[in-house]
Amino acid sequence: MSHPFKELGISAKLIQGISELGIEKPTPVQKQAIPLLLEKDRDLIVQAQTGTGKTAAFGLPLLTKVDGSIPRIQALIVSPTRELAKQIGKNLFRYTKYTSKVFTEVLAGGDKIDVQVGKLKRPTQIVVATPGRLIDLLKREALSLKHVKYLILDEADEMLSMGFKEQLQDIITRCESRRATWLFSATFPAALEDLIKSTVPKDTRRLQIDSGNVVNRKISHYFATCATSEKNDFVIDYLEKKPSEERGLIFCRTKAGAIGLGRALAEKGIEAGVLQGDLTQLERDKVMRAFKKERVPFLIATDVAARGIDVPDLSFVLHHQLPEQIEYYTHRSGRTARAGKRGISLVLLDPRERKKLKRFEKELGISFSAY
Ligand code: ADP
Ligand code: MG
């Protein structure tokens, strides 16, 4: 029997690479997007829930189309956070373990810009970048986007939330040879429609996987009513009772809250990394690596870590507070229940926030049970 990815048009060498990552049977978004993207150079807008394999859904067709023998940047992937850009770069690298060489460069803020300038002198076919750093490097003329044929915007709505609208427009304009633009995200808030309108033709094909369910259905949602002053103790108690093999993420709304919780856990001897935007990139990488490599069981994070980050087998996500924006709930809780697994998302709710929780339920089409 032929391999299901072969039927979608993926080469044997790429299949060999993804097999080692446990990617054997295509997810719905992969099944639908890959043949469309391979069929011809076309624009495509794809909405699919968190953790359903969007990276391979655009990565595999892209690696099929990019020509490793041409030493020019043919594809650009833009993503909101440094961690996500690095993760995408790493994924592409792994997919191509057995294929002929395609060079991908990751350009993210916080890394030494001079080193990046140097690296861009080598033949490069694919660039994965965060908008801010990419603009800096373009201003330095360290790279040109004029031969980019494939532009991929991963989680573009978050880039807009971060205030990168103009930068994105600038980047898009610089891709003069753009033949196909692919947008992938789990959430498409209204603000994104403006960008879509100015970037791709009106009749651009849209895929909506499992429409009507924005939030990954494998997640069970809970709330526990808890006064703000008691939340840290609640988290300590929750983590202490967890069986040792269970790993999870705890989201805090503010940097100070994350740091404070980290201290409170450390005092109780509970090991947890703290990831927040004030850390240097080196520190951020170190914390992320320790968590991904399972050297620490828990990670406390602000919303910088909510988008796209893929850590396999997280069994729970705690929300120290409800997030400010509803979309963030989708992305935070979407760090669990990835790759077909199940997961728990538990909100520590200030008694005054009952109404707000109801609004989340209504808008997201989910329901919270009492923990
Ligand atoms: P998304 O971008 O949709 O949030 P990712 O691309 O980060 O999701 O993938 C989530 C996880 O699922 C990753 O660990 C990835 O390796 C895994 N994965 C992707 N495709 C498959 C597949 N077809 N079968 C099993 N696991 C997969
Ligand atoms: Mg993703």
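Above this text is the structure in question.
Model, not experiment: these values are computed from the prediction.

The rules behind these values
- Residues numbered from 1 in each chain as written.
- Chains lettered and ligands numbered in written order.
- Predicted model: local features only at pLDDT ≥ 70, side-chain atom pairs only at ≥ 80, totals over all residues.
- Heavy atoms only, no water.
- Near = heavy atom within 4 Å.
- Polar contact = N/O pair within 3.5 Å; in protein donor to acceptor, adjacent residues only side chain to side chain.
- Areas by Shrake-Rupley, 256 points an atom, 1.4 Å probe, with all protein chains shown as cover.
- Nonpolar A, V, L, I, M, F, W, Y, C, P; charged D, E, K, R; others polar.
- Phe/Tyr/Trp six-rings, centres within 6.5 Å; stacked < 30°, edge-to-face > 60°.
- Helix = DSSP H or I, 4+ residues; strand = E, 2+ residues; numbered from the N terminus.
- Buried < 20%, exposed > 50% of the residue type's maximum accessible area, 1.4 Å probe, protein only.
- Pairing = 2+ DSSP bridges.
- Axes fitted to C-alpha atoms, helices over the stretch in contact; angles between N-to-C directions.
- Contact = heavy atoms within 4.5 Å.
- Salt bridge = Lys/Arg side-chain N within 4 Å of Asp/Glu carboxyl O.

Focus: the site of ligand 1
Alright, step 1. K25, Q30, G51, T55 and D310 are the nearest of the 16 residues found near ligand 1.
Alright, step 2. Here T52 contributes a backbone N or O atom positioned 3.1 Å from an oxygen atom of ligand 1.
Alright, step 3. Here an oxygen atom of ligand 1 sits 2.5 Å away from a polar atom, N or O, in the side chain of D310.
Alright, step 4. When isolated, ligand 1 has an accessible area of 570 Å², and the protein chains bury 85% of it.
Alright, step 5. Tallied by class, residues from the shell around ligand 1 come to 3 nonpolar, 9 polar and 4 charged.

Details of the packing of aromatic side chains
Alright, step 1. Overall, the coordinates contain 10 aromatic pairs when judged by the stated rule.
Alright, step 2. Where Y238 meets F316, the ring centres are 5.3 Å apart and the plane angle is 75°; that geometry is what we call edge-to-face. Taken as a pair, Y238 in helix α11 (residues 231–241) and F316 in strand β12 (residues 314–319) lie far apart in primary sequence, 78 residues in all.
Alright, step 3. According to the relative accessible area criterion, Y238 is buried, its value standing at 6%.
Alright, step 4. A relative accessible area of 0% means that F316 is categorised as buried.
Alright, step 5. An aromatic cluster of three or more residues is present, and its members are Y222, F234, Y238, F298, F316 and Y371.

Description of the sheet that holds strand β3 (residues 104–107)
Alright, step 1. Taken in spatial order, the 7 strands line up as β3-β4-β2-β5-β6-β1-β7 in an open sheet, and their pairing is parallel. At either end of the open sheet lies a strand with only one pairing partner, and these are β3 and β7 (206–208). In this sheet, adjacent strand axes meet at a mean angle of 15° when their direction is disregarded.
Alright, step 2. In this sheet, strand β4 (residues 126–129) lies alongside β3 in parallel orientation, the contact comprising 4 bridges. Looking at the pairing, E105 lines up with V127 of β4.
Alright, step 3. In the packing of helix α4 (residues 54–65) onto the sheet, the strands contacted are β2 (75–78), β4, β5 (150–154) and β6 (180–185), and the crossing angle to β6 comes to about 160°.

Observations concerning the pattern of salt bridges
Alright, step 1. This model, assessed by the stated rule, comprises 23 salt bridges.
Alright, step 2. The closest approach of N and O atoms between D41 and K65, which form a salt bridge, is 2.5 Å. On the criterion of sequence distance, the pair formed by D41 in the loop between α3 (28–39) and β1 (44–47) and K65 in helix α4 is long-range, its members being 24 residues apart.
Alright, step 3. On the accessibility criterion, D41 (26% relative accessible area) is partly exposed.
Alright, step 4. Between R217 and D210 there is a salt bridge whose closest N-O contact spans 2.8 Å.
Alright, step 5. A relative accessible area of 28% means that D210 is categorised as partly exposed.

A short note on unusual backbone geometry
Alright, step 1. For E141, which is not a glycine, the phi torsion comes out positive at approximately 55°.
Alright, step 2. Given a relative accessible area of 71%, E141 falls into the exposed group.
Alright, step 3. For D210, which is not glycine, the phi dihedral falls at a positive 50°.
Alright, step 4. Secondary-structure assignment places D210 in the loop between β7 and β8 (219–225).

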